[in-house]
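One letter stands for each residue in the lines below.
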Amino acid sequence: MRLIDFFDRGWQGYPKRDCVHDGTRGWTYEEMHSLTHRIAIGLRGPAGAGLEEGAKVCVYSPNHV
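Residues numbered from 1 in each chain as written. Predicted model: local features only at pLDDT ≥ 70, side-chain atom pairs only at ≥ 80, totals over all residues. Heavy atoms only, no water.

**Student:** If you had to explain helix 2 (residues 29-43) to someone new, which residues and values would you point to?
**Tutor:** In an α-helix, one full turn covers 3.6 residues, which means residues spaced three or four apart are oriented alike. Its 15 residues place the ends of helix 2 21 Å apart at the C-alpha level, agreeing with the 21 Å of an ideal helix rising 1.5 Å per residue. Residues of helix 2 that are buried include every one of Met32, His33 and Thr36, and no others. One face of helix 2 carries all of its buried residues, which in axial projection span an arc of 105 degrees. Residues Arg38 and Ile41 are exposed on helix 2 and point more than 90 degrees away from its buried face. Those residues of helix 2 that are buried lie in contact with helix 1 (3-13), strand 1 (18-21) and strand 2 (26-28). (Helix = DSSP H or I, 4+ residues; strand = E, 2+ residues; numbered from the N terminus. Expected span 1.5 Å × (residues − 1). Buried < 20%, exposed > 50% of the residue type's maximum accessible area, 1.4 Å probe, protein only. Arc of directions from axis to C-beta. Contact = heavy atoms within 4.5 Å.)

**Student:** Any details on the environment of Glu53? Residues and values, ideally.
**Tutor:** Looking at where Glu53 falls in the secondary structure, it is placed in the segment after helix 2. Relative accessible area serves as the criterion here: at 70%, Glu53 is assigned to the exposed category. Put simply, Glu53 and Ala40 are 13 residues apart on the chain and 9.9 Å apart in space, counted from C-alpha to C-alpha.

**Student:** Lay out the packing of helix 1 against helix 2 in plain terms, naming residues and giving numbers.
**Tutor:** Between helix 1 and helix 2, the shortest axis-to-axis distance is 8 Å and the interhelical angle comes to 140 degrees. Put simply, helix 1 runs oblique to helix 2. As helix 1 packs across helix 2, the resulting crossing turns out to be left-handed. Mapping the contact onto sequence places Ile4, Phe6, Phe7, Asp8, Gly10 and Trp11 in helix 1 and Tyr29, Glu30, Met32, His33, Thr36 and His37 in helix 2. Classifying every residue of the contact of helix 1 with helix 2 gives 6 nonpolar, 4 polar and 2 charged. (Axes fitted to C-alpha atoms, helices over the stretch in contact; angles between N-to-C directions. Parallel < 35°, antiparallel > 145°, perpendicular 65-115°, else oblique. Left-handed = near helix turned anticlockwise from the far one by under 90°. Nonpolar A, V, L, I, M, F, W, Y, C, P; charged D, E, K, R; others polar.)

**Student:** Outline the environment of Gly13, listing residues and values.
**Tutor:** Among the secondary structure elements, Gly13 is positioned in helix 1. Judged by relative accessible area, Gly13 falls into the partly exposed class, the value being 43%. For the pair formed by Gly13 and Tyr29, sequence separation is 16 residues and the distance between their alpha carbons is 9.1 Å.

Shown next, in the form of structure tokens:
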């Protein structure tokens, strides 16, 4: 199962529930669905980074929301 599948599964079953929370602000599964799919669209296609379906990418970031 891919990481995006976890977000999508939560979005399908519980769109209004919190997906992540940093102690100050929370993001619902619906918000995370929108955000993660906008990022994916930005990585694909002629206007984006041009990655093809199935390409592997990683995220390097601090461990917080």
